[in-house]
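In case you want the letters, here they are:
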Amino acid sequence: MASKALTVLKENVWTNNPVLIQILGICSTLAVTNNLRNTLVMTVGVALTTAFSSMTLSAMKDLIPRKVRMIVQVLVISFYVILIDIVLRAYLPDVSRQLGPYVGLIITNCIIMGRAEAFAQANKPLLSFWDGITSGLGYMAVLMAIAAVRELLGFGSLFGLRVLPAGFTPWTIMVMAPSAFFLVAITIWAAKTMQARKPAKSAPRPAAVAPQGR
Amino acid sequence: MPPLINPITLFFASVFTSNILLTNFLGMCSFISISKDWKSSFGLGMAVTFVMTITAAVSWAVLHLVLIPLGIEYLSFIVFIIVIAAVVQILEMVIDRSSPALYLSLGIFLPLITVNCAILGAILFIQIRSYSFIQTVSFGAGSGLGWWLAILLLSAIRERVDKNPVPAGLKGPGITLITIGFMAMAFTGFSGMIAVQ
Amino acid sequence: MKKDSLVYTVVFTFVVALAFVFVLALANDLTAARVADNKAFATQSAVLKALGVDYADPDEARRLFAELTLDAGDATGPAWKATIDGQSLVVVQETGAGLWGAITIMLAARPDAGRVSGVAILAQNETPGLGGRIEEAAFLDQFRGERSDGGIDVAVGAELSGLGDPDPDNGRVDGVTGASRTSVAFGTIVNAALARVRAISGGL
């Protein structure tokens, strides 16, 4: 069990990272990556939703009739996202206001559905929870790195705290949308090059291909 | 007080200056995987435009005639998802029965867009910005057309890019993202075109 | 009962949906008071920010708001009167169209609208990172103490220095880079708010 958990961690964070390798789920969060705090809240939200919905669906998998499987999946995912939205509105009103529609868009994040289909269907609830959390971590690592670059160069600050001297001219492009595309591309490039140099010992698991086109 | 934004301005702003894909990153997954091929891009773009316009109008009605009067706006996410799924399902049936030719070019893409983030995203924007019905329709249609335009342009560019030598690590998604980045920069050039009011 | 039978499918879906909706309704009810509280606090803290009054925590903000302000709202919208350091001020809440949706601001000014005391934002839906940057202190602080008897001009495009406009006497502030339309719209709302300050004081 412990070794399996470790394999899952390594796969989800590095060898099969949802953003870098599968290019999944960036739609909902990329737009807020010019601010570290918002990115953190969003990615934690995605990680928690993935973990809990994978766990719930894995626990329920023997009860769900085949015909309504997709509907039940969407129902479970929406349930957790709405909970997150309610909690944010009550306890972090500022963040909730800034994130606006993006919290709701977690529902359509391809990673969540992908993990529910590819992993939770065939594994025990606890392991599915761990799989969801680690997928979320892999996602968080990449987006936080991108957000750090964008906030540092675009505003001269990290988590809203000014770190660059006042004489620094902010790079407006970093605040705007195109920079996010460039940074994701550069991150993918770097990761792929590093992975190619040191061929992965464990072959990527074939079942991990999530449904495309979401 | 409803925001007094001219629907025509809203339409053009959502097609060009604030393209839902290039500035809000919505609908990226299918955008990257489908844009390899011009013909599929055309079909998917048409389907997105179609579904977005219709679901925007239907969701507006559901929001203002059901959710708000009953005070259950907190359930809106799930209701919108169901609305999108239902509209897609009905459209598929209608097109299948009425026009087999259209079904071939559009129908196969319909199931793909039930969970396209662009559709849900547009609807959530409409809810949060409390648009009127007219504004809703022009924003929905504009966003859909903007998405269509973006995927057509990208697929045309990709036909060339994919034939050219690219560093191994950048092949496929990497170079596509960089291309999209340049497109997004080009689209910000439209921003001088539209003045408020 | 068979797992794929119609009855089971319908009953299962119904029960699951009911259970989830019940939990959500409960969560929503439990937090409703808090959300309403947050909303009231958002308004009060925006009034205090516009007046330039500092507060350490929400409780202090509520106390200061109750002590300092006097409701002066009328048919055109909410407004308050206050006296800060011997200077009487009028605060108005004004909503107008931004690029994407309504922007609601709180503006404090002298009763003759000759000088702005401060501007705070209550709600906006502009693009995060572009128009959304009107919420940043660097932009809003330019309004503090700005002369406004001839209205306030928000500079955009080529007129923009990019470093803010430090002169409080020229009735001009720098717009947000890359968000000309939001900046122009913001200026329109500020000037509408100034007109309301004049109307409220004139009605005395």
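The structure presented is a predicted model; accordingly, all values stated were derived computationally and were not measured. (Residues numbered from 1 in each chain as written. Chains lettered and ligands numbered in written order. Predicted model: local features only at pLDDT ≥ 70, side-chain atom pairs only at ≥ 80, totals over all residues. Heavy atoms only, no water.)

Looking at the overall build of chain B
Threshold: Secondary structure elements are defined from DSSP: runs of H or I of at least 4 residues count as helices, runs of E of at least 2 residues count as strands, and each element is numbered from the N terminus. Here's how the labels work: a residue is buried when its accessible area is under 20% of the maximum for its type, exposed when over 50%, partly exposed in between, all with a 1.4 Å probe on protein chains only. The contact rule is simple, with two residues in contact once any of their heavy atoms fall within 4.5 Å. Every accessible area reported is derived by Shrake-Rupley at a probe size of 1.4 Å, with residue values counting cover from the shown protein chains alone. The positive count covers Lys and Arg only, the negative count covers Asp and Glu only, and His and the chain ends enter neither. To locate a charge, the coordinates of NZ of Lys, CZ of Arg, CG of Asp or CD of Glu are taken.
Along chain B, the regular secondary structure elements total eight helices and zero strands. Reading the helices (α) and strands (β) of chain B from amino to carboxyl end gives α-α-α-α-α-α-α-α. Expressed as a percentage of its 197 residues, the buried residues of chain B come to 57%. Sequence separation of 24 or more characterises 80% of the internal contacts of chain B that already satisfy a separation of 6 or more. When the accessible surface of chain B is summed, it comes to about 7,900 Å², and 72% of that surface belongs to carbon and sulfur atoms. Charge separation in chain B, taken as the distance between the mean sites of 8 positive and 6 negative side-chain charges, equals 10 Å.

Focus on the packing of aromatic side chains
So the rule is basically this: For Phe, Tyr and Trp, rings pair up if their centres lie within 6.5 Å, where Trp contributes its six-membered ring, and each pair is then called stacked (planes under 30 degrees apart), edge-to-face (over 60) or tilted (otherwise).
Applying the stated criterion to the full structure yields 19 aromatic pairs over all chains. Seen in terms of ring centroids, C:Phe139 and C:Phe186 are 5.2 Å apart; in terms of plane orientation they differ by 65°. Their pairing is edge-to-face. With C:Phe139 in helix α3 (residues 137–140) and C:Phe186 in helix α4 (residues 180–202), this residue pair connects regions lying 47 residues apart in the sequence. Here C:Phe139 falls in the buried class, since its relative accessible area comes to 5%. In this structure an aromatic cluster arises from ring pairing among A:Phe52, A:Phe79, A:Tyr80, A:Phe129 and C:Phe20.

Notes on the interface of chain A and chain B
Here is the rule: Two parts lose some accessible area (1.4 Å probe) when they are put together, and adding that loss for both gives the buried area. Any Lys or Arg side-chain nitrogen found within 4 Å of a carboxyl oxygen on Asp or Glu counts as a salt bridge. Residues adjacent in sequence count toward polar contacts only when both atoms are side-chain atoms; beyond that, a polar contact is any pair of N or O atoms within 3.5 Å, and within protein one must be able to donate a hydrogen and the other to accept it.
Every contact between the two is made by 38 residues of chain A and, on the other side, 40 residues of chain B. For the pair chain A and chain B, the two sides together bury roughly 3,300 Å², of which 83% comes from carbon and sulfur. Scanning the region where chain A abuts chain B turns up zero salt bridges. On inspection of chain A and its partner chain B, the count reaches one residue pair in polar contact (both at pLDDT 80 or more).

Quick notes on the confidence of the model for chain C
Just so we agree on the cut-off: Scored from 0 to 100, pLDDT reflects the predictor's confidence in each residue.
For chain C, the mean per-residue pLDDT works out to 81, and 92% of the residues sit at or above 70. Predicted as a complex, the structure gets a pTM of 0.83 and an ipTM equal to 0.82.

Quick look at the side chain of C:Thr31
Structurally, C:Thr31 is set in helix α1 (residues 6–51). Beyond its immediate stretch of four places on either side in the chain, C:Thr31 contacts A:Ile86, A:Ala90 and A:Tyr91.

Digging into a nonpolar patch on the surface
All names here are of chain A. Here is the rule we go by: Patch construction takes residues with relative accessible area above 30% that form no salt bridge. Like charges are linked within 9 Å, and nonpolar side chains (Val, Leu, Ile, Met, Phe, Trp, Tyr) are linked within 5 Å.
A cluster of nonpolar residues, Leu40, Val44, Leu48, Leu158, Phe159 and Val163, forms a patch on the protein surface that exposes about 440 Å² of accessible area. Residue contributions to the nonpolar patch peak at three residues, all from helix α3 (residues 36–60). By secondary structure assignment, the location of leucine 48 is in helix α3.

Some remarks on helix α3 (residues 38–70) of chain B
All names here are of chain B. Rules: The span one expects for a helix is its residue count, reduced by one, times 1.5 Å. By definition, a residue's bend is the angle between the axes fitted to the seven residues ending there and the seven starting there.
A rise of 1.5 Å per residue sets the reference length of α3, with its 33 residues, at 48 Å; its end C-alpha atoms lie 45 Å apart and thus fit the reference within 8%. The largest bend in α3 amounts to roughly 35° and is located at leucine 63. Backbone geometry just after α3 places glycine 71 at a positive phi near 70°.

Quick word on the sheet that holds strand β1 (residues 69–71) of chain C
Residues and elements named next belong to chain C. Heads up, the rule is: Only strands joined by at least two bridges in the DSSP assignment are considered to pair. Whenever a helix is involved, its axis is fitted only over the stretch in contact; in every case the axis is a line through C-alpha atoms, and angles between N-to-C directions fall within 0 to 180 degrees.
What the five strands build is an open sheet, ordered β1-β2-β3-β4-β5; its pairing is antiparallel. Of all strands in the sheet, those bounded by a partner on one side alone are β1 and β5 (116–123). Looking at each pair of strands side by side, their axes are set apart by 25° on average, direction ignored. Judged from the six bridges that link them, strand β4 (residues 102–109) and β5 form a sheet pairing that is antiparallel. Looking at β5, one finds that methionine 106 is bridged to alanine 120. The sheet strands contacting helix α2 (residues 58–68) are β1 and β2 (79–84), and the helix crosses β1 at an angle near 65°. Along the sheet, α4 contacts β2, β3 (87–97), β4 and β5; its crossing angle with β3, the most-contacted strand, is approximately 135°.

A look at the pattern of salt bridges
Following the criterion strictly, the structure yields eight salt bridges over all chains and no others. Note that C:Arg144 and C:Asp141 form a salt bridge whose closest N and O atoms lie 4.0 Å from each other.

Focus on the pairing of β2(C)
All names here are of chain C. Two strands pair when backbone bridges link them, and β1 and β2 are joined in this way by three bridges, in the antiparallel orientation. Bridge pairing in β2 places threonine 69 opposite alanine 82. Here β2 runs beside β3; their pairing, made up of six bridges, is antiparallel. Bridge pairing in β3 places alanine 79 opposite valine 92. Between the end of β2 and the start of β3, which pair antiparallel, lie two residues, with aspartate 85 showing a positive phi angle near 50°.

Topic: the packing of α3(A) against helix α6 (residues 110–120) of chain A
Residues and elements named next belong to chain A. For the record, the criterion: By convention, the crossing between two helices is left-handed when the near helix turns anticlockwise from the far helix through less than a right angle, and right-handed when the turn is clockwise.
Between α3 and α6, whose axes approach to 9 Å, the crossing angle comes to 35°. The handedness of the crossing between α3 and α6 is right-handed. For the pair α3 and α6, contact is made by Thr49, Thr50, Ser53, Ser54, Leu57 and Ser58 and by Ile111, Ile112, Arg115, Ala116 and Ala120, respectively.

Some remarks on the environment of C:Leu26
Take C:Leu26: it is sitting in helix α1. Spatially, the C-alpha atoms of C:Leu26 and C:Ala193 are 40 Å apart, while their sequence positions differ by 167 residues.

A closer look at the environment of A:Gln121
Residue and element names in this part refer to chain A. As for its position among the elements, glutamine 121 is in the loop between α6 and α7 (125–155). Considering only alpha carbons, one finds glutamine 121 and arginine 97, 24 residues apart in sequence, at a separation of 35 Å. Discounting residues that sit within four places of it in the chain, glutamine 121 has contacts with Lys61, Arg69, Gln73 and Ala116.

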